[in-house]
Amino acid sequence: MSVPFRGNYLGGRFIRPKKGNELISEDPGDLFDPVGRMVVSEEAVDVAVAAALKAFPKWSGLSLPQRIGKMKAFRREMVRRQSALAILVAREAGKPITESNREVDRLIAKVEETIVAGLKLVRPFSVEVDRGVKGECVWRPLGVLAVIGPFNFPAHTPASHLVPALLLGNTVVFKPSEFTPFVGQMIAECFDAAGFPPGVFNLVQGGASVGVRLVAHHGVAGILFTGSTAAGQAIKKATLDSQKLLALEMGGKNAAIVLEDASLDLAAREIAQSAFSMAGQRCNATSRVILNRRIAKPFLDQFLPLVERVRIGYPLEPEVLMGPLISHDAVAKLQKYVKLAEEEGFEMIRPGKATGLWGKRRGYYATPSVHLCERPEKNHSAHYRKEEIFGPNVAVYLVKDEEQAVALNNEVPYGLITSVFTRNPARFRKLFPKIDTGMVNLNRGTIFSSGKLPFGGTKASGSFRPAGLFSPYYCAYPVAVLQDSRPLADRRLPF
Ligand code: NAD
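Since this is a predicted model, take the numbers as computed values, not measurements.

Definitions and cut-offs
Residues numbered from 1 in each chain as written. Predicted model: local features only at pLDDT ≥ 70, side-chain atom pairs only at ≥ 80, totals over all residues. Heavy atoms only, no water. 1 Å grid on protein atoms, 1.4 Å probe; cavity = no way out; pocket = protein on both sides within 12 Å on 5 of 7 lines; lining within 4 Å. Points joined across faces, edges and corners; volume = space filled by probe spheres on them. Helix = DSSP H or I, 4+ residues; strand = E, 2+ residues; numbered from the N terminus. Nonpolar A, V, L, I, M, F, W, Y, C, P; charged D, E, K, R; others polar. Polar contact = N/O pair within 3.5 Å; in protein donor to acceptor, adjacent residues only side chain to side chain. Contact = heavy atoms within 4.5 Å. Patch = residues over 30% accessible without salt bridge, like charges linked within 9 Å, V, L, I, M, F, W, Y side chains within 5 Å. Areas by Shrake-Rupley, 256 points an atom, 1.4 Å probe, with all protein chains shown as cover. Salt bridge = Lys/Arg side-chain N within 4 Å of Asp/Glu carboxyl O. Buried < 20%, exposed > 50% of the residue type's maximum accessible area, 1.4 Å probe, protein only.

A. Here's a closer look at the layout of surface pockets. Put simply, the second largest pocket is a space of about 310 Å³. Of all the secondary structure elements, the ones that give two or more residues to the lining of the second largest pocket are β21 (439-442) and β22 (454-455). Of all the elements, β21 adds the most residues to the lining of the second largest pocket, at 3 residues. Broken down by class, the residue content of the lining of the second largest pocket amounts to 9 nonpolar, 7 polar and 1 charged.

B. Inspection of the side chain of Arg350 at higher detail. Counting through the fold element by element, Arg350 comes out in strand β14 (residues 347-350). Within the local environment of Arg350, its side chain forms a polar contact with the backbone oxygen of Pro368, the two atoms lying 2.7 Å apart. Apart from residues lying up to four places away in sequence, Arg350 is in contact with Leu304, Val307, Glu308, Thr367, Pro368, Ser369 and Val370.

C. Local environment of a nonpolar patch on the surface. Together, Phe125, Val127, Val129 and Leu482 line one region of the surface with nonpolar side chains, adding up to about 390 Å² of accessible area. When residues in the nonpolar patch are grouped by element, the largest group, 3 residues, is from strand β5 (residues 125-130). Relative to the elements of secondary structure, Leu482 occurs in strand β25 (residues 476-484).

D. Region of interest: empty space enclosed by the protein. One pass over the structure, following the stated rule, counts 4 cavities of 30 Å³ or more. Empty space within the largest cavity amounts to approximately 90 Å³. In terms of lining, the largest cavity is formed by 14 residues, of which the most central are Gly280, Ala285, Ser287, Glu388 and Phe390. The residue makeup of the lining of the largest cavity, split by class, is 4 nonpolar, 7 polar and 3 charged.

E. Representation of unusual backbone geometry in the model. Notably, Phe390 is not glycine yet its phi reads approximately 65°, a positive angle. Structurally, the position occupied by Phe390 is in the loop between α12 (383-386) and β18 (393-399). The class for Phe390 is buried, based on a relative accessible area of 19%. Despite not being glycine, Asn443 has its phi angle at roughly 55°, a positive value. Within the secondary structure, Asn443 sits in the loop between β21 and β22.

F. Highlighting the environment of Glu411. Looking at where Glu411 falls in the secondary structure, it is placed in the loop between α13 (402-410) and β19 (414-415). Through-space distance from the C-alpha of Glu411 to that of Ser228 is 19 Å; in sequence the pair is 183 residues apart. Apart from the residues lying within four places of it in its own chain, the contact partners of Glu411 are Arg288, His380, Arg385 and Lys386.

Keep in mind these values describe shape, not function.
Pasting the structure below:
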């Protein structure tokens, strides 16, 4: 069933572009039934930024409790549309419905988490600098913030920027992924129904060219981006001659390190889920398993049968773990890397295949694949080994000790998350300071994270401005205010 297009959301109204390019939102799990169609135009960016600039003084001048009141109304509108939004996420992103429901739950939780815990991080404080000299730290909003979202978490990742940005007094222009525009439209409907003042929240639809125009716009003070490292780097280059704040959440090439004393049953289950849920299309998916060679056979004896049991299917069917990939290009990319793996000396121990059909549905389906590297001390330059694939493929590397495991973990250009499996917490505590990722999990797969903690990576995974609990830090800036009330006679001055 097709979803009607309402338009961009500009200055408090849905407005359809009079002319522009057609954007078709496919259902990647059922290509015979597109989600909807729309017309997109780059010019809408200018209207959106102008509306956001106009709304900024009044919105930032409201008290925090007033803005919290509006955000709670937004939350209520989300709750009202909860299941409709989850279905849209499942259809547009190809994400299994259980995961889609979880994503919407997390979005709703984000409002409360930010109000209760996140805002505490940016609380003003006073301090006595000297006798008679009072110091204060206050936080100010930046202005108009551009929020650019990815396809794979089309509701939750934009919300983790939008919610703190608006609470702290910024106004926003949100551009969803071109693969998930109707999820973006429903988020706009929630802001509209919640009665946000015109121009505080704006939505522009379109692909990369709309994003390019938005980030370059002189009225934009900061860019809160979640997506690939290539697009994040392009944004960095496009903003080099400005002072725009960049909070970039980018790609990953995450590893699970399995030490020889680990529970192999637990490790195999956690890794299979982290590698293949959502067809490996998560920034925090496990794409590398770093395994002590002494436990290679018992681990693989447990792991490979689980890979066989991964339930693939249409995202709205129950108990599906893995839906389709997002696009034809995503399937082609997966196939390119599988071919490269073989050319670069990896052994395929569980072949996968791309298939345009699953049951009666035509879509971008692929089955999981596993490669093995017995001698990781060779082959350092392999592309397959270093680059993000974003598909249902995992490489298993056999290592002799912890030192080699950590070196292998740290060798990739990314630094998002690492899992360590061991029964010995003391061993974990010794190991984890050597791991160079922004997040480290003990005995949990890489896909597990909490909104009560920061979320973000090092190196090509981020710009050292983690989201999650820490998002408020990049939605406001601190101003130091020093007030000296001592009389002139009490001051020591050189002249
Ligand atoms: P993508 O980079 O292709 O697109 C993301 C967004 O950026 C889209 O809205 C797109 O239109 C826009 N865009 C693309 N080029 C742009 C440019 N030059 N200027 C401005 N905007 C531009 O990413 P995707 O395929 O939608 O998402 C998958 C990627 O996102 C993966 O690399 C994944 O690891 C990453 N991701 C990271 C996190 C995280 O928190 N670190 C979370 C989810 C996804």
